[in-house]
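# Understanding the architecture of this molecule
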Amino acid sequence: MTALPESSLRYDYAIVRVVPRVERGEFMNVGVIVLCGPANFLACSFECNRDRLRALDPQLDMDMLDNSLNAFRSACVKGDNSNSRSLRSVFDFLVATRSAVLQVSPVHSGFSRQIDTVVESLMTRFVRLP
């Protein structure tokens, strides 16, 4: 195993998924949430391909989905600006296990020297089609 450069920062991330019908277990990745405590960094990004989602469930309530994703965005912004809640507690709340249309993967970790590029890199890797 190779040692990481001292300038690398550890971050945690989770993939955000839309699970239109929980009982079927089908899902589509639509975003990521990233936390890097040492850099005081909490961010999320989402992209929804509505045609692909409708292929999973033509009856999916897109307005409800948009509202849910906006709630995630708001929590990240408030977490960045709030002294009353730690970024870790906001991240932990967002990645908590739920049985709902919007779910998250288990939390994973990584290292980066440029934390501000991680969200875009994860979106390309896990959300966008090649």
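All values reported here derive from a predicted model rather than from experimental measurement.

On to the packing of aromatic side chains. Tallied over the entire structure, the rule returns 3 aromatic pairs. Pairing Phe46 with Phe72 gives two aromatic rings, centres 6.2 Å apart and planes at 85°, and the pair type is edge-to-face. With Phe46 in strand β3 (residues 41-46) and Phe72 in helix α2 (residues 62-81), this residue pair connects regions lying 26 residues apart in the sequence. You can call Phe46 buried: its relative accessible area is 10%. A network of ring pairs unites the aromatic residues Tyr11, Tyr13 and Phe126 as a single cluster. The ring of Phe27 has Arg17 sitting right over it, with the charged end atom 4.3 Å from the ring centre.

What follows is about helix α4 (residues 118-126). Residues of α4 that are buried: Val118, Val119, Leu122 and Met123. Buried residues in α4, looked at end-on, bunch into an arc of 135°, giving them a common side. Summarising the contacts, the buried residues of α4 are in contact with β1 (9-18), β2 (28-36), β3 and β5 (108-112).

So, how was this worked out
- Residues numbered from 1 in each chain as written.
- Predicted model: local features only at pLDDT ≥ 70, side-chain atom pairs only at ≥ 80, totals over all residues.
- Heavy atoms only, no water.
- Phe/Tyr/Trp six-rings, centres within 6.5 Å; stacked < 30°, edge-to-face > 60°.
- Helix = DSSP H or I, 4+ residues; strand = E, 2+ residues; numbered from the N terminus.
- Buried < 20%, exposed > 50% of the residue type's maximum accessible area, 1.4 Å probe, protein only.
- Lys NZ or Arg CZ within 6 Å of the ring centre and 35° of its normal.
- Arc of directions from axis to C-beta.
- Contact = heavy atoms within 4.5 Å.

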